[in-house]
Amino acid sequence: MNISKILITAALAAAAGSALAEAAYPPEAPFVSSKTRAQVIAELQQARADGSMNYAASAYPVLLPVASTTTRAEVKAELKSDVPVANRELDELHDYVGH
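Residues numbered from 1 in each chain as written. Predicted model: local features only at pLDDT ≥ 70, side-chain atom pairs only at ≥ 80, totals over all residues. Heavy atoms only, no water.

**A short note on the overall build of the protein chain**
Here is step 1 of the chain: Each helix and strand in the protein chain was counted, giving 4 helices and 0 strands.
Here is step 2 of the chain: In the protein chain, which comprises 99 residues, the proportion classed as buried is 2%. (Helix = DSSP H or I, 4+ residues; strand = E, 2+ residues; numbered from the N terminus. Buried < 20%, exposed > 50% of the residue type's maximum accessible area, 1.4 Å probe, protein only.)

This is the structure in structure tokens:
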């Protein structure tokens, strides 16, 4: 008797759960555009022409490469110089590696 009540309760709970799962949240509202397709295409062409849109539709914005003004020798000399922060970081690396 108790098993049949449990089975009936479980079946009713499952039916109620599946009935509630069909409702869409948030409610779907149709999209209404304020511009025509021709206006959007004209804006896109204008943005490409004046350079405000500097990337393709399938790519990220184009980033210009940064040219370094220091040479490799200058960087090495700076690391070997008596700059406290650089020396401290270099010493920590040497201690960690065990050299």
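**Concerning the confidence of the model for the protein chain**
Here is step 1 of the chain: Averaged over the protein chain, the pLDDT score is 76; the fraction of residues at 70 or greater is 62%.
Here is step 2 of the chain: By mean pLDDT, the top-scoring element of the protein chain is helix α2 (residues 37-50) (90), and the lowest-scoring one is helix α4 (residues 84-97) (63). (pLDDT = per-residue confidence, 0-100.)

**A look at the pattern of salt bridges**
Where charged atoms from two side chains of opposite charge approach closely, those side chains can pair.
Here is step 1 of the chain: In the structure shown here, the tally under the stated rule is 1 salt bridge.
Here is step 2 of the chain: With a closest N to O distance of 2.7 Å, E43 and K35 form a salt bridge.
Here is step 3 of the chain: Looking at E43, the relative accessible area reads 43%, which means it is partly exposed.
Here is step 4 of the chain: You can call K35 partly exposed: its relative accessible area is 39%. (Salt bridge = Lys/Arg side-chain N within 4 Å of Asp/Glu carboxyl O.)

**Some points on α2**
Owing to its 3.6 residues per turn, the α-helix brings residues three or four apart onto one side.
Here is step 1 of the chain: Along its 14 residues, α2 runs 20 Å from first to last C-alpha, staying within 8% of the 20 Å computed at 1.5 Å per residue.
Here is step 2 of the chain: One or two positions beyond α2, positive phi appears at G51, with a value near 85 degrees. (Expected span 1.5 Å × (residues − 1).)

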